[in-house]
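# Summary of the model geometry
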Amino acid sequence: MMRLPRFRYLGPRSLGEAVAVLADLGPEAAPLAGGTDLLPNMKRRQQTPATVVGLRGIASLRERSADPGRGLTLGAMTRLSELERDGAIWAAWPALARAASLVATPPLRNMGTLGGNLCLDTRCSYYDQSQEWREAIGFCMKKDGAVCWVAPGSDRCWAVSSSDTAPVLCALGAEVTLASRGGERRIPVADLFADDGIRHLARRPDEILAAVYLPAPRDGERAVYLKLRRRGSFDFPVLGVAARARLGAGGVVESARIVIGGVGSRPQEARAAGEFLVGRRLGEEEAIREAARLVAQVAKPLQNTDFSLGWRKQMAREYAARALRELAG
Amino acid sequence: MADPSESSAARAGAPPPSRPAPASAPQAGAAFGAVGKPLRRADGRAKVTGETRFADDLSLPGMLFMKLKRSSVPHARILEVDAAAALAVPGVRAVLTGRDFPVPYGILPVSQDEHALCVDKVRFVGDPVAAVVAADELVAEEAARLVAVRYQPLATIASPEEALATPEPRIHEYGDGGNVHKAVALDFGDVPAALASADQVFEDLFFYQGSTHLALEQHATLAYLDADGRLTIATSTQVPHYLHRAAAKVLGVPPARLRVIAQPQGGGFGGKTDLFNHEIVAAKAALITGRPVKVSLTREEVFACHRGRHPVLMRLRTGVGRDGRILGHSVETLLDGGAYGGYGVASTFYTGALETVTYRMDRYRFRGCRTFTNKPPCGPKRGHGTPQPRFGLEVHLDKICQKLGRDPAEWRIQNALAAGSLTANWMKVRTIGLVGCLEAVVAASRWKERRGKLGPGRGLGLASSAYLCGAGLPIYFNDMPHSGVQLLLDRGGGVTVFCGAAEVGQGSDTVLAVLVAEVLGLDPDDVKLVTGDTALGPVDLGSYSSRVTLMMGNAAVEAAGRARDRLAAAAAQALEVPLERVGFGGGRVFDVGDPDRAITFAEAVQRAEAEGGTVGTVGSYRPPPPPSRYKGGGVGPSPAYSYTAAVVEVEVDAATGVVRVVKVWIAHDIGRALNPVLVRGQVEGSVYMGLGEALMEEQAFRRLPPRLSGALVHQAPSMLEYKSPATVDMPEVETILVDGPEPNGPFGAKEVGQGPLLPIPPAVANAVHDAVGVRVDEVPITPEKVLAALKAGSRRHGPEAFPSIAWPEPLVVPPPWEGGDGSAVNEPRRSEQRGRRPPEASKP
């Protein structure tokens, strides 16, 4: 079997201890949540932290606190399978519950966490390979090499944001808390991500994503998530469409936000599509088609995931339309 | 014109057996004890409780671990292998290189083109160059990275088209010129003349993508010396006997001092049917270090071992008469062989050999060409070389029926080969359940009422197929049995069965227990099994070509029959009845006229032992000599052929091109099901694998921009990105078993391990056409291709050209009805042994 490299393991018992360790060790340390992303990456030597800081012993990262009328704060170590089995989440944030239920496979959702899914390493078919495979292509700029094989002329990495929950949380206007020795900061989830395959997170190496805040849905607000993948299980999204809208009287859109995942290094908001929908009735097929066209303009798939890029581009339009139809109910 | 009633008759009452059953064995038609019962599998309890010892579970005190250093370049000369840094790592015990393996090997006598570690050249990314043996696996892995190999890169070849266009540099220095490994041409009658005289002639191009076996169990091997210095290789292999032969030769170890144990396996599907570098290198490492040496491959290494489905480009031409009858049929195949020969010569012949055994055709012409490429070698995967042309033929026929305005099911029923036929290429076919299978799936799916009437985006597709029940010839020339079984009966009434057959999950242990128990009137749970061990059982050639149930089964029935004869004689004396009144059942031996007059089975053994000494018997099986006598005619003959028909219902999303399989109806001509639960399991597993090949699986490779890199790598060597259907993608499967005992099979049984895969890919393609009116003439049928076909003016997506190939002078073999004796008229007459000699063995 593929073996983990040698590393030191630390198991802090509190968030304070954990952030102190990270402050001391810097980028040489990696926080470990469910391990479903980090550990396989370590086996393939994509990530080779000298120290792994296990977060499982920190009880506060599993806590949740509800503030009636204002929203819910979920500890970052909340497991994806907890979300998918939680009636309260399904009632208030069904798009999130659905996204969580569509991640990977049941055993992986039992280990994988919400915070881990947000911090998922970007993925690329030239990068998510063993060390031997990557050696055979001379490595790539994301790890041990100089070239981006997806776009050899490019000076940036085009690895793909492949989280199912990230586009949903962006569309919902959720926020995350980042904790470090210096204190905590709370930022919109959308600001957690950067459009770069290598530096794809605004999280500093000394920070731990500690909590996720979900704002309470307002009257008339609804959201959906559609995932495109080859199989009915297991696969990362080659496209994820999260759409949220607030409908007023007569089904007229008061506000809308559509965020797509799997087609760029970060979740991409289709701002023009959201703005276009404001003031229109969501049930109108023509409005849906035009909004879907605007969504597809944001999708810039490259040939570095499953399926051909041309088909994925076409599907962005088709899936956006399907998401909006579902949103219209 | 085949008369359906004639086939029905053949199904019901089989022709007389060509080979007499043991005198006292129960005859077909009698009430059965163990045969036909849905009993628990012989190895079921151990597997469920985790007691089964797969190769990777083996561990011995003092065991060392081995890791192979594999080539990172696709084609190069090896200039230097420097192991100094690796040897300096604490814990490293040895580093082996190609210098340790001067003797080449290969599974076929004509393709001795492999070395356990590469000597002067590497031929694909993953070709093993060195091996590091160390105290633990991580040390071995890290030290292997320190083995420095200097390469001189050579131009690479990524496809058969490139291979044909690039004779130099050659990947191998042998073969049929340039980078052509094997090119064959066979003419069974004058096909061009048949096409010229035909009412209509049809031509199609098809492509069948390569795929890998994806057994859950990754290959592992433990090699060790016993206290007497004898070498044992315990490994995940489907062919312990062939590995025994090859390892003895390569290692220079006397075969008598080498033992190969095929551990129980977590799936084979042909992926463990070849000889693998790690098995031989681990054995050598055990000899060098004197310590047990273990190697467990990673999933990525299993993708490099491969030996899976050949990608095949095909051109089919068929001329039909006014009544739709096939007057002439021509198949040309171009195979992407990968970097080594392996089973490739046989695979090449298999792309043509079974084209004739389903529907009547007057004349037949075959051209097959296998090329070398710088990719992991291809070989046998479930259906070995036949799913590709079967896909072509069944889709081709669907198109022909469409043009002729014929119902594809009716056409197939009317043109089905009759039982007892000798085909245009001299394959002798005995029982045929084809019509029964077709009628069963037509009825179950309500084909006539529903086809073409399911509304937009829904459709039904049908296909049928045939497969071998064991290759008629061994892979190396010899006159010995293909399978042997030995029985030991003890005084407590216990029966121990010894046989070299490898249990790879297909149920061969269960078949062995059921057959012996049936003949001796015992409960299969009372039969002890010792299998897959070259030191403890007679040779069985291996778990390939769907041969084990028929061949091992016949050997087991013979061995058990001989034991039964001895026990019956002793019991007849004890019971004071004539021999013919002695019956066996329920652990007793009794007077069939008065079943209360009985002795226990144990007492019968004791009496027989007192009478004539230790009760041990043997049985063996050798298939009947094939009528085909031309060179190449050794591939395709079988003691029996199984038949399958399937109807697939699909839903096609015209906006995305996504195909969803709603349901599969499949009927399989099993002869007689020895254990119906296991048979159904094999059918469903074949459907699953067939759907994977039909819809998503691709053993695909990629190059990087040539100005920047010479890399040629597997696209996705992982279970995540090599797409094979998940449980939730599996549709409902309705399995129908069609009985009709085959005289050559044990108690009438035929194979089921491979045949049921064959109709699935073409049935899916035909269903897609019924649903949305487009033809995707290649697998996998991906959403991209369906959408492309929907947008194309031709309403088709598929290959556009078949390259020009310099075919050799064809062997001309007149079909049986045009005279001749199964030999080629333009080939020197072959020796009297020719019928038993594989085509390759006659070459130097």
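Scroll up for the structure.
Note that this is a predicted model, so its numbers are computed, not measured.

## Topic: the sheet that holds strand β3 (residues 51-54) of chain A
Residues and elements named next belong to chain A. The 3 strands lie next to each other as β1-β3-β2, forming an open sheet whose pairing is parallel. Edge positions in the sheet fall to β1 (8-10) and β2 (29-32), since each of these pairs with one other strand and no more. Neighbour to neighbour, the strand axes of the sheet diverge by 25° on average, direction disregarded. Where β2 and β3 come together, 4 bridges link them in parallel fashion.

## Digging into the interface of chain B and chain A
As a measure of interface size, the accessible area lost when the parts come together is often cited. Listed as interface residues are 44 residues of chain B and, on the opposing side, 35 residues of chain A. Surface buried jointly by chain B and chain A totals about 3300 Å² across both partners, of which 54% is contributed by carbon and sulfur atoms. Three residues stand out in chain B for area buried against chain A, namely R145, L720 and E784 of chain B, and they jointly supply 17% of the buried area on that side. Where chain B packs against chain A, one counts 6 salt bridges. A salt bridge links K723 of chain B to D235 of chain A; its shortest N-O distance comes to 2.8 Å. Summed over the shared surface of chain B and chain A, the result is 16 residue pairs in polar contact (both at pLDDT 80 or more). Looking at the side of chain B that touches chain A, the elements that each hand over two or more residues are α4 (137-146), β27 (712-714) and α20 (783-791) of chain B. Broken down by element, the residue count for the side of chain B that touches chain A peaks at 6 residues, all from α4 of chain B. Class assignment for the residues of the side of chain B that touches chain A results in 22 nonpolar, 9 polar and 13 charged.

## So, the nonpolar core
Membership of the largest hydrophobic core comes to 185 residues, with the highest contact counts inside it found for M66 and Y242 of chain B. Counting residues per element, this core draws most heavily on helix α12 (residues 309-328) of chain A, which supplies 9 residues. Counting residues in hydrophobic clusters, the runner-up holds 52 residues, among them C469, V527, A559 and V615 of chain B.

## Thoughts on helix α5 (residues 94-101) of chain A
Burial analysis of α5 of chain A places 6 of its 8 residues in the buried class, which makes it a mostly covered element. Here α5 of chain A has its buried residues at A95, L96, A97, A99, A100 and S101 of chain A.

## Things to note about the sheet that holds strand β18 (residues 495-499) of chain B
Residue and element names in this part refer to chain B. With mixed pairing, the 4 strands of this open sheet are ordered in space as β19-β18-β17-β23. Taken across any chain shown, the strands that pair with only one partner, and hence form the sheet edges, are β19 (527-531) and β23 (616-621). Neighbour to neighbour, the strand axes of the sheet diverge by 20° on average, direction disregarded. As paired strands, strand β17 (residues 483-489) and β18 are joined by 5 bridges and run antiparallel to one another. From the neighbouring strand, L489 faces β18, where its bridge partner is V495. Contacts from helix α15 (residues 508-520) reach β17, β18 and β19, with the element oriented near 140° to β19.

Scoring rules and cut-offs
Residues numbered from 1 in each chain as written. Chains lettered and ligands numbered in written order. Predicted model: local features only at pLDDT ≥ 70, side-chain atom pairs only at ≥ 80, totals over all residues. Heavy atoms only, no water. Pairing = 2+ DSSP bridges. Helix = DSSP H or I, 4+ residues; strand = E, 2+ residues; numbered from the N terminus. Axes fitted to C-alpha atoms, helices over the stretch in contact; angles between N-to-C directions. Contact = heavy atoms within 4.5 Å. Buried area = accessible area lost by both parts, 1.4 Å probe. Salt bridge = Lys/Arg side-chain N within 4 Å of Asp/Glu carboxyl O. Polar contact = N/O pair within 3.5 Å; in protein donor to acceptor, adjacent residues only side chain to side chain. Nonpolar A, V, L, I, M, F, W, Y, C, P; charged D, E, K, R; others polar. Core = buried A, V, L, I, M, F, W, Y, C linked by side-chain atoms within 4.5 Å. Buried < 20%, exposed > 50% of the residue type's maximum accessible area, 1.4 Å probe, protein only.

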